[in-house]
Amino acid sequence: RRGRRRRGACPLRGSLAEAMAVSPARSASPELAVAAAQDAAPTLVRLLVEKLARVWHGEDRGRAPIADTEAQIAAARLVTRGYLRRRAPDEIEAVLATLDEPSLDLIQALFKGEALSLHQFVESIVQTGTYDSDRIVAFIGGIVDLFLEIQRSQSERASLGQARMTMNWAQLMNHFIESPEISMFEGSEGGILGTKVASSTDKQPSVARNNFVDRAKHQSCGIDKIYWNAYVDTLVTVEGNESINFFSPHAPGLDAPRAVLTPQLGRYAYDYEDKPLYHVHAVAWDEEMQDVVALLSNRMLIMWRLRNREKCQWQQKRELRFAATRHESRGLEKGPQWDLRLLVIDKETGLDVHAKKKPDHETEAAMRRDLGEIRLAEEAAVQLDIWWNSHLKVWLTTDDKGQLCMWNLRVIEGAWMEAYLTPTKVLWGYHTKLVTSHLELNKNKFTTISLDRSVILWDHRNLGAPEMKLHGGGAHTAAVLSQAYMSRFNSLITVGCEKKIFVWTIDSTAYRGTKGKLSGHQANLVRVSAGHRVFFTLDEAFTGILWDGSSLASLQTVSCATFVPRHCTCLPEHGTICLSGRRLNFVEGNEVAAEKLGRPLTKEQQANALNKAKEGACLKDSAAPRQCTLSLNRGSLLSATEVEVRLHSRGNPAMSRAIFNAAEGETISTFAASDRLSWVVFGTSKGAIHFLKYRSGFSLKVYPGRREGEEWQGGGGGAGASAAEGAGGTGGGEAPDRPLQKGRGQKPGG
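Residues numbered from 1 in each chain as written. Predicted model: local features only at pLDDT ≥ 70, side-chain atom pairs only at ≥ 80, totals over all residues. Heavy atoms only, no water.

Draft legend 1. Structural context of the overall build of the protein chain. Across its full length, the protein chain carries 14 helices and 42 strands. Partitioning the contacts of the protein chain with sequence separation of at least 6, the portion at a separation of at least 24 is 51%. Of the roughly 38800 Å² of accessible surface on the protein chain, a fraction of 51% belongs to carbon and sulfur atoms. (Helix = DSSP H or I, 4+ residues; strand = E, 2+ residues; numbered from the N terminus. Contact = heavy atoms within 4.5 Å. Areas by Shrake-Rupley, 256 points an atom, 1.4 Å probe, with all protein chains shown as cover.)

Draft legend 2. Layout of helix α9 (residues 136–153). With 18 residues, α9 should cover 26 Å at 1.5 Å per step; its first-to-last C-alpha distance of 25 Å lies within 8% of that length. When you tally the buried positions in α9, you get 17 out of 18 residues, the bulk of the element. (Expected span 1.5 Å × (residues − 1). Buried < 20%, exposed > 50% of the residue type's maximum accessible area, 1.4 Å probe, protein only.)

Draft legend 3. Focus on the packing of aromatic side chains. One pass over the full model with this rule turns up 18 aromatic pairs. With 5.8 Å between their ring centres and 85° between their planes, W285 and W314 make a pair best called edge-to-face. Of the two residues, W285 sits in strand β11 (residues 280–286) while W314 sits in strand β14 (residues 313–326), which places them 29 residues apart along the sequence. Exposure remark for W285: the relative accessible area of 18% places this residue in the buried category. (Phe/Tyr/Trp six-rings, centres within 6.5 Å; stacked < 30°, edge-to-face > 60°.)

Draft legend 4. Expanded view of the side chain of R318. Following the sequence through the fold, R318 ends up in strand β14. E413 is the oppositely charged side chain nearest to the buried, salt-bridge-free R318, at an N-O distance of 5.8 Å. Polar side-chain contacts of R318 include one of 2.6 Å to the backbone oxygen of I412. In contact with R318, other than residues within four places in its own chain, are L301, I302, M303, V344, I412, E413 and G414. (Lys, Arg positive; Asp, Glu negative; His and termini not counted. Salt bridge = Lys/Arg side-chain N within 4 Å of Asp/Glu carboxyl O. Polar contact = N/O pair within 3.5 Å; in protein donor to acceptor, adjacent residues only side chain to side chain.)

Draft legend 5. Region of the structure containing the packing of helix α8 (residues 118–127) against α9. Where α8 meets α9, the closest approach of the two axes is 10 Å, and the angle between their N-to-C directions is 130°. By the angle class used here, α8 and α9 are oblique. Where α8 crosses over α9, the handedness of that crossing is right-handed. Across the interface between the two elements, L118, F121, V122, I125 and V126 of α8 pack against F139, I140, I143, V144, L146 and F147 of α9. Residue composition of the contact of α8 with α9, grouped by class: 11 nonpolar, no polar and no charged. (Axes fitted to C-alpha atoms, helices over the stretch in contact; angles between N-to-C directions. Parallel < 35°, antiparallel > 145°, perpendicular 65-115°, else oblique. Left-handed = near helix turned anticlockwise from the far one by under 90°. Nonpolar A, V, L, I, M, F, W, Y, C, P; charged D, E, K, R; others polar.)

Draft legend 6. Structural view of the pattern of salt bridges. Within this structure, the stated rule accounts for 22 salt bridges. Across the pair E467 and K445 runs a salt bridge whose closest N-O atoms are separated by 2.5 Å. In this pair, E467 sits in the loop between β22 (455–459) and β23 (468–470) while K445 sits in strand β21 (residues 445–450), placing the two residues 22 residues apart along the sequence. Classification of E467 as partly exposed rests on a relative accessible area of 31%. For K445, a relative accessible area of 0% corresponds to the buried category. Ionic contacts of the salt-bridge type, sharing partners, join the residues D286, E288, K393 and R410 into one network.

Draft legend 7. Expanded view of the pairing of strand β20 (residues 435–440). Sheet topology note: the β20/β21 ladder contains five bridges and is antiparallel. Within β21, the position partnered with S437 by the bridge is I449. What sits between β20 and β21 in their antiparallel hairpin is a turn of four residues. (Pairing = 2+ DSSP bridges.)

Draft legend 8. Representation of the sheet that holds strand β25 (residues 491–496) in the model. Across the sheet, which stays open at both edges, the four strands sit in the order β24-β25-β26-β27 with antiparallel pairing between neighbours. Of all the strands in the sheet, just β24 (480–486) and β27 (511–518) have a single pairing partner and so form its edges. Sheet twist, expressed as the mean angle between neighbouring strand axes with direction ignored, is 20°. Strand direction decides the pairing type here: β25 and strand β26 (residues 501–506), joined by four bridges, are antiparallel. Residue pairing in the sheet places I493 in a bridge with V503 of β26.

Draft legend 9. Spatial organisation of the confidence of the model for the protein chain. For the protein chain, the mean per-residue pLDDT works out to 79, and 77% of the residues sit at or above 70. Across residues 181–202, confidence stays below pLDDT 50; counting only partners more than four residues off in sequence or on other chains, it has 51 contacts. (pLDDT = per-residue confidence, 0-100.)

Draft legend 10. View of the environment of L52. Here L52 lies in helix α4 (residues 44–56). Taking the C-alpha atoms as reference points, L52 and V122, separated by 70 residues in sequence, lie 8.7 Å from one another.

Draft legend 11. Looking closely at the sheet that holds β22. Pairing is antiparallel in the open sheet, where four strands are placed in the order β20-β21-β22-β23. What marks the edges here is a single partner per strand, and that holds for β20 and β23. For this sheet the average axis-to-axis angle between neighbouring strands, irrespective of direction, equals 15°. Pairing analysis gives three bridges linking β22 to β23, with the strands arranged antiparallel. Considered in β23, the bridge of V455 is made with L470.

Draft legend 12. Structural view of the side chain of T629. Position of T629 relative to the elements: it lies in strand β35 (residues 625–630). Among residues more than four places away in sequence, those in contact with T629 are S636, L637, L638, F671, A673 and Y694.

Draft legend 13. Representation of unusual backbone geometry within the structure. Phi at M165 is positive, roughly 60°, even though this residue is not glycine. Tracing the sequence through the fold places M165 in the loop between α9 and β2 (166–167). With a relative accessible area of 34%, M165 lands in the partly exposed category. If you check the backbone angles, V564 has positive phi at about 45° while not being a glycine. Turning to its location among the elements, V564 is positioned in the loop between β31 (554–559) and β32 (567–571).

If you want it as structure tokens, here you go:
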């Protein structure tokens, strides 16, 4: 950021001096000059400028605050007209958008459990260095507005005995929670204009089990791993046997896999009963070369290439085997004890095609020593999982100690004359246990999670060391099992052997902090899978929860105990979620959930959406105005029409954002605002009453009105009529013929 401070430089000097040098007589009208001459007391901005200049140069370091100066700041007036035309103060939203999690940590440390005055609060935010040094005066004006807004909107949250015109940490945090500016952590859709506004009724996304029936024979005890291959439109499963299965996700179901890939190997891979002596550990897919690679338990790597996409036909292309040799400088430097390599083997014999015959052993002891070394080398060469990194163009494998090796198998295309292939990069010593997942976030970054409770962020451009390691100190307290990334919101979701869901903010530049820790599961989590706008989590008790990626709110809880799933996989192209255990089961989203999962709209849905957008635009343009109110304290302008309530910018009223949108078929019938109470209240044509925070639009209280399809009932229908009916009254139709009872404080006939 441009506003990060540099040692020896004082960004306050030029801008603040410029602001202090502004003379009302030179830049304002004669009337304002007369008013300034009558009130010669320095303004609040001038006093804060002088205070911050002394703090910057260290003149106040170690000294107690001057009582006269503090009294002047407390009594000073916020007069901005002298420089408003030259440099308007920033909006509160612009100030909040500059604060990230490290800045909030620094501000929290300055609070020290006490309430801060205005100048202390301004100083704490300026010390974070997140401002634009060319706009320091406008930035300070925005901070002052933020302080005063919190004073007005969070006055009821002041602690007992808190001094007047001070602010505690709880008030600041609660303002962040209520303000839509918190969406600055929501990625490309974040910001002021991308925030979801309040509405009287919203159609909620939900999922339900569809009519898909899995009648295929699954030979093993269950599905160990499952992958979604969008290019071939199939689900790829690893079921603890010697084969890879490709299943079609289309209803009404299936009787057999679409394709089965079994490695074609020689007699060395089978016993005397022709049963395989191996099983498949993991599978990975290279979409660019259209290759599928299977990692086997006998240290072999088998590669197939796609031949026919429609028929899902494959051809076995290459057979490789992992081997290990002792590191030459073992004991002299800290590093791995074994060097891994890939050998090209003969498919029929299973032997290295470039191997040289070894001399016979002279003694039995030498033979035993060599056999022991071979056994240790074979154990060190065992790899347990494999992934494809599309940006680095390499395959990643891992062992039980967390070592990651990167392999470039494209160099062996055609005639390969070398004796073996070595990894292009070895990431050793960062994970200490098995790596459970690798995930690409963008073109420069990827993450790995492990059983050692850590989440590591890597940068493609510098693989010498991790960019960030999330371990301890508020991170996972148990093994991390699964992860998912939502690029739309820059959110990385990780789950492990605990009941909390961790959401981290990682954009294309750097790690930005923890976005949230979600609670809702009653058992330890096992899997997470993400669509475009929602994600799904699954726990050991076979309970799944659908979450909103923007607000991190729980949308729906699904009980999956009837089909006992072990994995959940989102299929964005189909708008469904696959829950796999012993068999494949699917839950399908409604129209809203399917769109949030990522299913493209049909032509009919696109036409309906376009028509609704046009109708909505015409309705907003032609909606009758209800009220337009200006806050004398805030300087904010609110406008209300029949269909929406908007907050306008002070510097440019043409810039605005909606803080409430009426539902379809409902209009705003009455509107009122209270600047002193810091909220607005309005009623709708269906009888609903909404109380919102004045500036943020945060919903304080909503009294719902008539529901869709419900008719008005005479005699105080609705809740009152139901209560009357339960008490033996008529409850509907015409009002009962009896006198009205006076309520507390009600005047006769009122």
